[in-house]
Amino acid sequence: MPTPEHQTTPRSSTTRGPGHRPPAVVALTLLLLLQALAVLGVAVVFALEIGSGVLNLGAQIFLVVLVVAAGVWIGAAALSLWAGRAWVRAAVVVIELFAVILSVSFFSAGNVATGLLFLVPAAGILFLMFSRQVAEHLAGLHR
């Protein structure tokens, strides 16, 4: 006996629901949110140090505003990745390439620990960004 059209058969265990995100998307979103929080934390430290240091007051304020904007942008990219917006791929690649460039400058200055703090998360994020699960999520195949 055929089932009426308004009734559906139960989903199999392999079918993903509309709210499900692949593990790589979850991990990548969390890494980006942690990176955004770290950048915003640096902005707070810079803000607390305004008035001291070698930069003039205007440059220090500009630096705080710039770092806050970077943290907000990384957070927006993380949320857009979660939502499956395709534009986020280019934004994240640019953000992480800047992190790699900054890590190289720390390495050449002899500050290996700080260089690794920039390089390791950037490498992980770039690796996940080009994973099959993330590519399919951004292409809308998991919705």
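Conventions adopted
- Residues numbered from 1 in each chain as written.
- Predicted model: local features only at pLDDT ≥ 70, side-chain atom pairs only at ≥ 80, totals over all residues.
- Heavy atoms only, no water.
- Helix = DSSP H or I, 4+ residues; strand = E, 2+ residues; numbered from the N terminus.
- Buried < 20%, exposed > 50% of the residue type's maximum accessible area, 1.4 Å probe, protein only.
- Areas by Shrake-Rupley, 256 points an atom, 1.4 Å probe, with all protein chains shown as cover.
- 1 Å grid on protein atoms, 1.4 Å probe; cavity = no way out; pocket = protein on both sides within 12 Å on 5 of 7 lines; lining within 4 Å.
- Points joined across faces, edges and corners; volume = space filled by probe spheres on them.
- Nonpolar A, V, L, I, M, F, W, Y, C, P; charged D, E, K, R; others polar.
- Phe/Tyr/Trp six-rings, centres within 6.5 Å; stacked < 30°, edge-to-face > 60°.
- Lys NZ or Arg CZ within 6 Å of the ring centre and 35° of its normal.
- Salt bridge = Lys/Arg side-chain N within 4 Å of Asp/Glu carboxyl O.
- pLDDT = per-residue confidence, 0-100.
- Contact = heavy atoms within 4.5 Å.
- Axes fitted to C-alpha atoms, helices over the stretch in contact; angles between N-to-C directions.
- Left-handed = near helix turned anticlockwise from the far one by under 90°.
- Patch = residues over 30% accessible without salt bridge, like charges linked within 9 Å, V, L, I, M, F, W, Y side chains within 5 Å.

Points about the overall build of the protein
When helices and strands are tallied, the protein shows 5 helices and 0 strands. Helices and strands appear in the protein in the N-to-C order α-α-α-α-α. Buried residues in the protein amount to 29% of all 143 residues. Here the protein displays about 9200 Å² of accessible surface, and carbon together with sulfur accounts for 73% of that area.

Remarks on the layout of surface pockets
Of the pockets and cavities examined, the largest pocket occupies roughly 820 Å³. Together, 25 residues line the largest pocket, and Val39, Ala70, Ile74, Leu102 and Phe118 are the ones closest to its centre. At the level of elements, α1 (23–48), α2 (57–83), α3 (88–108) and α4 (112–129) are the ones that each hand at least two residues to the lining of the largest pocket. For the lining of the largest pocket, a count of residues per class yields 23 nonpolar, 2 polar and no charged.

Here we look at the environment of Leu141
One can find Leu141 in the segment after α5 (132–138). Taking C-alpha positions, Leu141 is 9.7 Å from Gly84, a pair spaced 57 residues apart along the chain.

Re the packing of aromatic side chains
According to the stated counting rule, one finds 2 aromatic pairs in the structure shown. Here Arg21 stacks its cationic end above the ring of Trp82, 4.5 Å away from the centre of that ring.

Details of the pattern of salt bridges
Two side chains of opposite charge can pair, provided their charged atoms sit close to one another. Under the criterion given, the structure shown has 1 salt bridge. Between Arg132 and Glu136 there is a salt bridge, with its nearest N and O atoms 3.4 Å apart. Of this pair, Arg132 and Glu136 are both found in helix α5, 4 residues apart, which corresponds to roughly one turn of the helix. Classification of Arg132 by relative accessible area gives exposed; the value is 67%.

Overview of the confidence of the model for the protein
Within the protein, residue pLDDT values average 87, and 85% of them lie at 70 or more. For the protein, per-element mean pLDDT is lowest for α5, which scores 93, and highest for α2, which scores 95. Overall, residues 8–15 carries pLDDT values under 50, and its contacts beyond four positions in sequence, including any with other chains, amount to 3 contacts.

Regarding the environment of Val92
With respect to the helices and strands, Val92 occurs in helix α3. A C-alpha to C-alpha distance of 8.3 Å links Val92 and Ile125, two positions 33 residues apart in sequence. Residues in contact with Val92, not counting those within four places in the same chain, are Leu32, Ala77, Ile125 and Met129.

Quick look at the packing of α1 against α4
With their axes 10 Å apart at the nearest point, α1 and α4 run at an angle of 145 degrees to one another. Relative to α4, the crossing made by α1 is left-handed. Residue-level contacts link Ala24, Ala27, Leu28, Leu31, Leu32 and Gln35 of α1 to Ile125, Leu128 and Met129 of α4.

Quick notes on a nonpolar patch on the surface
Judged by side-chain polarity, Ile50, Leu57, Ile61 and Val65 come together as a nonpolar surface patch covering roughly 330 Å² of accessible area. One can find Ile50 in the loop between α1 and α2.

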